[in-house]
Amino acid sequence: MASDSEAPPLSAKVVGSFAYLTIKDRLPTIITRVIDTIHRNKNKFFEEYGEDGIEAEKKAISLLSKLRNEVQTDKPILELTDGLRDLDAWNQYLQRHESLQGDKGSVSWFKSPWLYVECYVYRRIQEAIWLNPPINEFDVFNEAKTQSFFESQQATTALCTYLETAKKDKDGLSKNQLFDHFIKLLQVSLWGNKCDLSISAGQENSQKDSPIEALANLTPFILVDDSDKVWAALMSCKSAGGTVRRVDIVLDNAGFEVVTDMVLADFLVSFGLVSEIHFHGKSFPWFVSDVTAKDFEWTIRQTMAANHKWMSKSGVQWKKYLKEGVWSYHDHPFWTQPHEFCDMLVDAPDLYTKLQGADLVLFKGDLNYRKLTGDRDWDFTISFETALRGFEPSPICSLRTLKANVQVGLQPGQGEKLGSQEPNWMTSGKYAVIQFYGPYLEQ
């Protein structure tokens, strides 16, 4: 591992690494599942679009089969051709890597940064769909996301019941009781990140138990817990001018996880801690289970329609927040590009400026953590601040369960001890971190 600011990016060059196994096994499996999903919907496409639908299905499958072969045989990364609004940014990123390697065609699946090629495969999946109207709006991951939501109904009901019960007593709560609710819901949002369909290659991965009751058993597995700092950040902004004006949540997975994010956001608003929540999601289907605008709106509709008093009431409240502008959903091409977040100021200055308007930004999940830290081979004890390499639009909190071989901010010997006890501790999803950096607050 490297300790300087130029730590090398993780890649599949290291045979047996998680990056290598991802490129060798997980990505081809995900592409195969996408092909199967499209084929299973063949009759639906025919019913809706006739022969045009069948022809589009065949062409999309052909492109995806070609993509799978490119991955498995370590072919060079190719430029995109679909004309979508982010095409130039993606192709320029490829050209940048080709110039660093010294020749065209040298950037390939097993030799290039894992963060880049893993993001690229999802962009190529989108290209295969988009190039084939009339099925070009089809979400190849929708079935898995829908299943994840419905299989987590019991946990969602328990969580909404907890929230609505807490609301009944909110006027009589002490500051310590308010803090206790905050910590619990922050941790529920953290552990909701275990429900990640990309890490399971699209297989069922839902939350069935009461998330509140599970917290006591999960707390020992939080390796870095900056919850107190996150609370202090909220209180600092609040005391300076009343209610914290805005918290942004950069979303990760649909299904149960986005429900945990909505419950946390509802708590922050309804208990007077925050006046405005901006949610940031993806502009197209991404990493199997990531939230799109359609997923976000669908989740609220399903929660409203639930046959449970408190779950339905929560959904109605969330719809009201959206209508009144208390909540808002945003997407941006940068979230579905391979850039590390330290590039945002140059490559997406409008988004960086938008995040500067927040009093706190919560980054959910493993991919966001990889982009925050550059997905590099850092020493475990390198500080979170150092790994961010200048990315500091606002105070930042990362809520992440570990599913990749990058982790910073640990105590000396902590990572090595975990490695000797559990070789896969960095990729199992068993461990988690709540890491905070707030330069303005520290000043």
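Residues numbered from 1 in each chain as written. Predicted model: local features only at pLDDT ≥ 70, side-chain atom pairs only at ≥ 80, totals over all residues. Heavy atoms only, no water.

Participant: Looking at this structure, I do not really get the pattern of salt bridges. What am I missing?
Facilitator: Working definition: two side chains of opposite charge can pair if their charged atoms are close together. Within the structure shown, the criterion is met by 26 salt bridges. Its salt-bridge partner being Arg123, residue Asp86 comes within 2.8 Å of it at the nearest N-O pair. Remark: Arg123 occurs in helix H5 (residues 114-130) and Asp86 occurs in the loop between helix H3 (51-72) and helix H4 (87-101); sequence separation between them is 37 residues. Here the two residues Asp86 and Arg123 agree in accessibility, since each one is buried. In this structure, Glu118 and Arg370 form a salt bridge, with 2.8 Å as the shortest nitrogen-oxygen distance. One end of the pair, Glu118, is in helix H5; the other, Arg370, is in helix H16 (residues 365-373), with 252 residues separating them in the sequence. Residue class for Glu118 comes out buried when judged on its relative accessible area of 2%. (Salt bridge = Lys/Arg side-chain N within 4 Å of Asp/Glu carboxyl O. Helix = DSSP H or I, 4+ residues; strand = E, 2+ residues; numbered from the N terminus. Buried < 20%, exposed > 50% of the residue type's maximum accessible area, 1.4 Å probe, protein only.)

Participant: Looking at this structure, I do not really get the packing of aromatic side chains. What am I missing?
Facilitator: The geometry of an aromatic ring pair is captured by the separation of the ring centres together with the interplanar angle, meaning the angle of the planes. Scanning all chains against the criterion turns up 35 aromatic pairs. Summarising the aromatic geometry, the rings of Tyr122 and Trp286 are spaced 6.1 Å apart at their centres and angled 55° between planes, so their arrangement reads as tilted. Of this pair, Tyr122 sits in helix H5 while Trp286 sits in the loop between strand S3 (277-281) and helix H12 (293-304); the two residues are 164 residues apart in sequence, bridging distant segments of the chain. By relative accessible area, Trp286 is classed as buried at 0%. (Phe/Tyr/Trp six-rings, centres within 6.5 Å; stacked < 30°, edge-to-face > 60°.)

Participant: Explain the confidence of the model for the chain here, please?
Facilitator: On average, the chain scores 92 in pLDDT, and the residues at 70 or more come to 93%. Low pLDDT (under 50) marks residues 196-206, which in the prediction has 39 contacts with non-local residues, meaning those over four places away or in another chain. (pLDDT = per-residue confidence, 0-100. Contact = heavy atoms within 4.5 Å.)

Participant: Teacher, can you tell me more about unusual backbone geometry here?
Facilitator: A negative phi holds for most residues other than glycine; trans holds for most peptide bonds. The omega torsion across Pro133 and Pro134 is 15°, close enough to zero to call that bond cis. Examined against the element boundaries, Pro134 turns out to sit in the loop between H5 and helix H6 (142-150). A positive phi is found at Asp74, a non-glycine position, where the angle reads about 55°. Inspection of the secondary structure puts Asp74 in the loop between H3 and H4.

Participant: Even after reading the chapter, I still don't get the sheet that holds strand S5 (residues 360-364), so can you show me in this structure?
Facilitator: Sheets are built from strands paired through backbone hydrogen bonds, the pairs being either parallel or antiparallel. Strand order in this open sheet of seven strands is S1-S7-S6-S5-S2-S3-S4, and the pairing throughout is mixed. Whereas interior strands pair on both sides, the edge strands pair on one side only; in this sheet they are strand S1 (222-225) and strand S4 (327-331). Across this sheet, the average inter-strand angle for adjacent strands is 15°, counted without regard to direction. Bridge count between strand S2 (residues 247-250) and S3: four bridges; the pairing is parallel. Looking at S3, one finds that Val250 is bridged to His280. (Pairing = 2+ DSSP bridges. Axes fitted to C-alpha atoms, helices over the stretch in contact; angles between N-to-C directions.)

Participant: Please explain helix H11 (residues 256-270) as it appears in this structure.
Facilitator: Side chains that are three or four residues apart share a direction in an α-helix, a result of its 3.6 residues per turn. For H11, with 15 residues, the first-to-last C-alpha span of 21 Å sits near the 21 Å given by 1.5 Å per residue. Judged by how many residues are buried, H11 sits mostly within the fold: 15 of 15 residues are covered. Following H11 by one or two positions, Gly272 adopts a phi angle in the positive range, close to 75°. (Expected span 1.5 Å × (residues − 1).)

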